[in-house]
Amino acid sequence: QVQLVESGGGLVQPGGSLRLSCAASGSILSIYTMGWYRQAPGKQRELVATITLSGSTNYADSVKGRFTISRDNAKKTVNLEMNSLKPEDTAVYYCKAAVMATLTVVNDYWGQGIQVTVSS
């Protein structure tokens, strides 16, 4: 059993900053790519940023230069530093991780989601 728990969301004014964190726990041998996705009301879930085990990152064009993804492999956590937030960043943010639970099994797991609201 693997669990991902997000924290750090909330309400922030345009131009402000927030830091999201996601901690993985459970039966974990290794975690490969970790990432953040978001879903705004009435829209499909979209990729925000991903980071591989070796630290290579990928960002959606809409967040490049404003968001930074990082991870701590020892703590099994992934973070998303969000700066210069815009109202269009408002969404439920989800953490995702590709987890090796056994030597032959790798599955994707999702967190429960956390609300980020950017509004004045």
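Engineer: Quick rundown of the nonpolar core? Include the residues and the values.
Structural biologist: With 32 residues, the main nonpolar core has W36, L80, M82 and Y93 as its most contacted residues. Counting residues per element, the ones that place at least two in this core are strand 1 (2-7), strand 3 (18-26), strand 4 (30-39), strand 5 (46-51), strand 7 (67-72), strand 8 (77-82), strand 9 (91-102) and strand 11 (114-118).

Engineer: So what about the packing of aromatic side chains? Which residues, and what values?
Structural biologist: Taken as a whole and assessed by the stated rule, the structure comprises two aromatic pairs. Ring centres 6.4 Å apart and planes at 85 degrees place the aromatic pair Y94 and W110 in the edge-to-face group. Within this pair, whereas Y94 is found in strand 9, its partner W110 is found in strand 10 (residues 105-110), the two being separated by 16 residues in sequence. Taking NZ or CZ as reference, R45 lies 3.7 Å from the ring centre of Y94, over its face. One cation-aromatic arrangement involves R45 over W110; the distance from NZ or CZ to the ring centre is 4.6 Å.

Engineer: So what's going on with the pattern of salt bridges? Residues and values would help.
Structural biologist: Under the criterion given, the structure shown has six salt bridges. We note a salt bridge from R19 to E81, for which the minimum N-O separation is 3.1 Å. With R19 in strand 3 and E81 in strand 8, the pair connects residues that are 62 residues apart, well separated along the chain. Its relative accessible area of 42% is what places R19 among the partly exposed residues. Across the salt bridge formed by E46 and R38, the nearest N and O atoms sit 2.7 Å from each other. For R38, a relative accessible area of 5% corresponds to the buried category. Each member of the salt-bridge network shares a partner with another, and the members are R38, E46, R66 and D89.

Rules behind the numbers
- Every chain's residues receive numbers from 1 upward, in the order its sequence appears when written.
- The predicted origin of the model limits local features to residues at a pLDDT of at least 70 and limits the giving and counting of side-chain atom pairs to 80 or more, whereas totals for whole chains, interfaces and linings rest on all residues.
- The side-chain numbers reported here are obtained from all heavy atoms of the structure, hydrogens and water having been left aside.
- Only buried residues count toward a nonpolar core, which is a set of Ala, Val, Leu, Ile, Met, Phe, Trp, Tyr and Cys residues joined through side-chain atoms within 4.5 Å.
- When accessible area is computed with a 1.4 Å probe and restricted to protein chains, residues below 20% of their type maximum are described as buried, those above 50% as exposed, and intermediate ones as partly exposed.
- Numbering goes from the N terminus for both helices and strands, where a helix is a DSSP run of H or I of at least four residues and a strand is a run of E of at least two.
- Stacked, tilted and edge-to-face pairs are distinguished by plane angle, under 30 degrees for stacked and over 60 for edge-to-face with tilted covering the rest, among Phe, Tyr and Trp rings (Trp via its six-membered ring) whose centres lie within 6.5 Å.
- Any Lys NZ or Arg CZ found within 6 Å of a ring centre and within 35 degrees of that ring's normal is scored as a charge over the ring.
- A carboxyl oxygen of Asp or Glu within 4 Å of a side-chain nitrogen of Lys or Arg is what we treat as a salt bridge.

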